[in-house]
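Observations on chain architecture
Given next are the chains, with one letter for each unit.
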Amino acid sequence: MSKIGILVASSNNNLKLGQKLVSIASEQNVETELINLVDLDLPLYNTIEEEKHGIPKSATDLAEKILSLNAFIVVAPEYNGVMPAVLNNAMSWTSRATENWRDAFNEKVVGLATHSGGGGTKVLQAMRIQFQHLGANILARELLTSYEKALNEDSARNMITQLDNLSK
């Protein structure tokens, strides 16, 4: 049985979306692990920080979790047309905490989701670019919710089924 990581880069509506995806996956008997990147409180990545203090334990723990999983749903809000800094920062630390910078996501299957107060399409595009660059195989269908547009639970079930099937 596969286990799907739900990486969340928010403490508000995107966290609620991530928790809903965990619930939907549970109904499908698919095991998940929700990882709220905000809770990790990682220092802002830069080479000077890494040289002075090394890689934080929370970053190596995150990298180990990600390495142990074969599929993910990345859930993040749109900030100024791109993804939030907490997501980019976590991916920067993760790429430094593995032997090869692509190890954590290379050849893994990833679904993308957002709850956005704005359009949401730009954050999905930005995440697609970043995770493709990290070597992930991104599902074509994305989940986009907003205050006016509720989650299409059938689409969420379909994404979870695809991730489960493709990660075995």
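Report on the accompanying structure. What you are looking at is a predicted structure, and each value in this text was computed from that prediction instead of being measured. (Residues numbered from 1 in each chain as written. Predicted model: local features only at pLDDT ≥ 70, side-chain atom pairs only at ≥ 80, totals over all residues. Heavy atoms only, no water.)

1. A closer look at the packing of aromatic side chains
One pass over the structure, following the stated rule, counts 3 aromatic pairs. Ring geometry for phenylalanine 105 versus phenylalanine 131: centroids 5.0 Å apart, planes at 75°, classification edge-to-face. Residue phenylalanine 105 is found in the loop between helix H5 (85-96) and strand S4 (109-115), and its partner phenylalanine 131 is found in helix H6 (residues 121-133); the two are separated by 26 residues along the sequence. Residue phenylalanine 105 is classed as buried on the basis of its relative accessible area, which comes to 2%. What links up through ring pairs into an aromatic cluster is the set Phe72, Phe105 and Phe131. (Phe/Tyr/Trp six-rings, centres within 6.5 Å; stacked < 30°, edge-to-face > 60°. Helix = DSSP H or I, 4+ residues; strand = E, 2+ residues; numbered from the N terminus. Buried < 20%, exposed > 50% of the residue type's maximum accessible area, 1.4 Å probe, protein only.)

2. Things to note about the packing of helix H4 (residues 57-68) against H5
The description of two helices packed together rests on the angle between their axes and the distance between the axes. At their nearest, the axes of H4 and H5 sit 9 Å apart, and the two run at 85° to each other. The angle between H4 and H5 falls in the class roughly perpendicular. On H5, the residues that touch Ala59, Leu62, Ala63 and Ile66 of H4 are Ala90, Met91, Trp93 and Thr94. Classifying every residue of the contact of H4 with H5 gives 7 nonpolar, 1 polar and no charged. (Axes fitted to C-alpha atoms, helices over the stretch in contact; angles between N-to-C directions. Parallel < 35°, antiparallel > 145°, perpendicular 65-115°, else oblique. Contact = heavy atoms within 4.5 Å. Nonpolar A, V, L, I, M, F, W, Y, C, P; charged D, E, K, R; others polar.)

3. Some remarks on the side chain of threonine 145
Relative to the helices and strands, threonine 145 is located in strand S6 (residues 143-145). In this structure threonine 145 comes out as buried when scored by relative accessible area, which is 5%. Aside from chain neighbours lying at most four places away, what touches threonine 145 is Leu17, Thr114, His115, Ser116, Ala150 and Leu151.

4. Brief notes about the environment of threonine 121
Along the chain, threonine 121 falls in helix H6. Looking at threonine 121, the relative accessible area reads 54%, which means it is exposed. Taking the C-alpha atoms as reference points, threonine 121 and asparagine 46, 75 residues apart in sequence, are found 28 Å from one another. Contacts of threonine 121, omitting those with residues within four sequence positions, involve Glu78 and Leu144.

5. What about the pattern of salt bridges?
Considering all chains together, one arrives at 10 salt bridges under this definition. Residues glutamate 31 and lysine 3 are paired through a salt bridge, measuring 3.8 Å at the closest nitrogen-oxygen approach. On the criterion of sequence distance, the pair formed by glutamate 31 in strand S2 (residues 31-36) and lysine 3 in strand S1 (residues 3-8) is long-range, its members being 28 residues apart. Arginine 157 is paired through a salt bridge with glutamate 153; the nearest N and O atoms lie 3.3 Å apart. Highlighted residues: arginine 157 and glutamate 153, both in helix H7 (residues 153-166), separated by 4 residues, approximately one helical turn. Residue classification places glutamate 153 among the partly exposed positions, given a relative accessible area of 29%. Here the salt bridges share partners, and the residues they tie into one network are Lys3, Glu31, Glu33 and Lys65. (Salt bridge = Lys/Arg side-chain N within 4 Å of Asp/Glu carboxyl O.)

6. Some thoughts on the environment of alanine 113
With respect to the helices and strands, alanine 113 occurs in strand S4. In sequence terms alanine 113 and asparagine 14 are 99 residues apart; their C-alpha atoms lie 8.5 Å from each other. Apart from residues no more than four positions distant in its own chain, alanine 113 is found in contact with Leu17, Leu21, Ile73, Val74, Val75, Ala76, Leu124, Met127 and Leu143.

7. Digging into unusual backbone geometry
Even without being a glycine, aspartate 41 presents a positive backbone phi close to 50°. Among the secondary structure elements, aspartate 41 is positioned in the loop between helix H2 (37-40) and helix H3 (47-53). For aspartate 41, a relative accessible area of 67% gives the class exposed.

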